[in-house]
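Commentary on secondary and tertiary structure
Take a look at the letters that make up each chain.
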Amino acid sequence: MTGGERGPLAAFRDYEPEVGRFEQDVLAGLAGAAKSLPCKYFYDRRGSQLFERICTLDAYYPTRTEMGILRAHVPAIARRIGPDAHIIEYGSGSAAKARILLAALERPAAYVAIDMARDHLLAATTALAREFPEVEIAAYCADYSAPLEIPAPRRRRLARRVGFFPGSTIGNLTPEEAKAFLVGVRRQVGVGGGLLIGVDLKKDTRLLDLAYNDPDGVTAAFNFNILVRINRELAGTFDLARFAHYAFYSAEHGRVEMHLVSLTDQDVRVAGTRFAFRAGETIHTENSYKYGIDEFQALAGTADFVEGTVWTDEHRLFGLHHFVAA
Ligand SMILES: C[S@@+](CC[C@H](N)C(=O)[O-])C[C@H]1O[C@@H](n2cnc3c(N)ncnc32)[C@H](O)[C@@H]1O
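The rules behind the values
Residues numbered from 1 in each chain as written. Predicted model: local features only at pLDDT ≥ 70, side-chain atom pairs only at ≥ 80, totals over all residues. Helix = DSSP H or I, 4+ residues; strand = E, 2+ residues; numbered from the N terminus. Buried ≥ 20, exposed ≤ 12 C-beta atoms within 10 Å, placed from the backbone. Contact = placed C-beta atoms within 7 Å. Expected span 1.5 Å × (residues − 1). Arc of directions from axis to C-beta. Domains from an automatic or database assignment. Nonpolar A, V, L, I, M, F, W, Y, C, P; charged D, E, K, R; others polar. Pairing = 2+ DSSP bridges. Axes fitted to C-alpha atoms, helices over the stretch in contact; angles between N-to-C directions. Right-handed = clockwise from strand over helix to strand, strands pointing away. Near = placed C-beta within 6 Å.

What to know about the overall build of the protein chain
In terms of regular secondary structure, the protein chain is built from nine helices and 14 strands. For the protein chain, buried positions account for 43% of its 326 residues. Of all intrachain contacts in the protein chain linking residues separated by at least 6 positions in sequence, the fraction that spans at least 24 positions is 70%.

Shown next as structure tokens:
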């Protein structure tokens, strides 16, 4: 790990989350009976750019809906969170939602952004630190699925910790993984801490199918980018023309599944290992679980997050939940 201050940031810690792991995880995912790749590897520089474009698409309702809920209710959310908070954001991306939150909070003490996408993380947090010089802003380039020590802010050591996990990124985890993740957050924020988390709600299948199959093909390009990255970084030989983007809502699992489907029988090499594909065989690249409000509150309760309050939009597309750590 390397660390220290960087520009206006109170701290930058680089845990080098991908060193060696990318190759290991890709080879393991492609070797399985049902091929899969971890969705955290979508986010290299180009993947982060593509995700930001997805967020602006008409078809992709989650970002603008969550932003709308946040803007409309941020005074009430700030009151629930209370003064002197130490906000810890998991998968901070552009940190656009943190900006709205920090502006509304009473005397926020500190903000820690955790993200694997190093360049995106540094650009977003540096801009934020310039805007909020009175808040200790730190950037951790790390995988949030592994335990992480986060020290107390230097100036206000007793600040109450509040986990922030917008974007329905929790939906990328299976319910079992989501529970384990929430237990980790609960441990990190401590008794009396909080959690503000955005969760996409179950809804009309057509809206979900459209959101993940936008007419401009940006989501498809985002999905394909993982193969581009494997070709570049792991000497992969994926021929993109011989795969197709495939995303659909599975009512059985309560999730949108994203896949790359092989259009022919073909062999692909990655880091010197050969993988055989049959025509129609898929690589499962992402899940996006959808939850009812009660269903999510029950899940959070299993991790000792209680006193749930939820804000939603007029069409009940998306829920922004606040919990207290028991
Ligand atoms: C769906 S985006 C959400 C971004 C932002 N929070 C929002 O609400 O728009 C997920 C973000 O989490 C990051 N990410 C995904 N998996 C991660 C992991 N395991 N550890 C750290 N960051 C991760 C990605 O780089 C990306 O910036």
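Structure shown, so let's carry the discussion forward.
With respect to helix 6 (residues 175-189)
Spanning 15 residues, helix 6 covers 21 Å between terminal C-alpha atoms, matching the ideal 21 Å at 1.5 Å per step. When we look at burial in helix 6, the residues that qualify are Ala178, Phe181, Leu182, Val185, Arg186 and Val189. Buried residues of helix 6, viewed axially, fall in a sector of 145°; they line one side. Residues of helix 6 that are buried make contact with strand 6 (160-165), strand 7 (194-200), helix 9 (293-301), strand 13 (305-312) and strand 14 (318-325).

Structural notes on the domain arrangement of the protein chain
Domain boundaries in the protein chain define domain 1 (2-15 + 58-203 + 291-325) and domain 2 (32-56 + 216-289). Each of domain 1 and domain 2 was reduced to a C-alpha centroid, and the two centroids are 27 Å apart. Each partner contributes residues to the interface: domain 1 has 15 residues there, and domain 2 has 14 residues. Here the side of domain 1 that touches domain 2 is composed, by residue class, of five nonpolar, seven polar and three charged.

Looking at unusual backbone geometry
The backbone of Asp304 shows a phi angle near 65°, a positive value even though the residue is not glycine. Counting through the fold element by element, Asp304 comes out in the loop between helix 9 and strand 13. A positive phi is found at Arg316, a non-glycine position, where the angle reads about 50°. When you line up the elements, Arg316 lands in the loop between strand 13 and strand 14.

Regarding the sheet that holds strand 2 (residues 9-14)
Read across the sheet, nine strands follow the order 1-2-5-4-3-6-7-14-13 without closing on themselves; strand pairing throughout is mixed. Among the strands making up the open sheet, the edge pair consists of strand 1 (2-6) and strand 13. Direction aside, neighbouring strands of the sheet carry axes that sit 15° apart on average. Here strand 4 (residues 110-115) runs beside strand 5 (residues 136-141); their pairing, made up of six bridges, is parallel. When the sheet's bridge partners are listed, Ala110 is paired in strand 5 with Glu136. On top of the sheet, helix 5 (residues 118-131) reaches strand 2, strand 4 and strand 5; it is set at about 180° to strand 5, its chief contact.

Some remarks on the pairing of strand 5
Buried residues dominate strand 5, accounting for six of its six residues. Neither face of strand 5 is open: one carries Glu136, Ala138 and Tyr140, the other Ile137, Ala139 and Cys141, and all of them are buried. Following the chain from strand 4 across helix 5 to the adjacent parallel strand 5, one finds a crossover that is right-handed.

Let's talk about the pairing of strand 11 (residues 273-277)
In terms of strand pairing, strand 10 (residues 266-270) meets strand 11 through five bridges, oriented antiparallel. In the strand pairing of strand 11, Gln266 is matched with Phe277.

Some details on the site of the ligand
Looking at the ligand, there are 18 residues lining it, with Lys40, Tyr43, Gly91, Gly93 and Gly167 nearest. Along the lines of polarity and charge, the residues of the shell around the ligand split into seven nonpolar, seven polar and four charged. Formed jointly, the shell around the ligand draws a minimum of three residues from each of two domains, domain 1 (2-15 + 58-203 + 291-325) and domain 2 (32-56 + 216-289).

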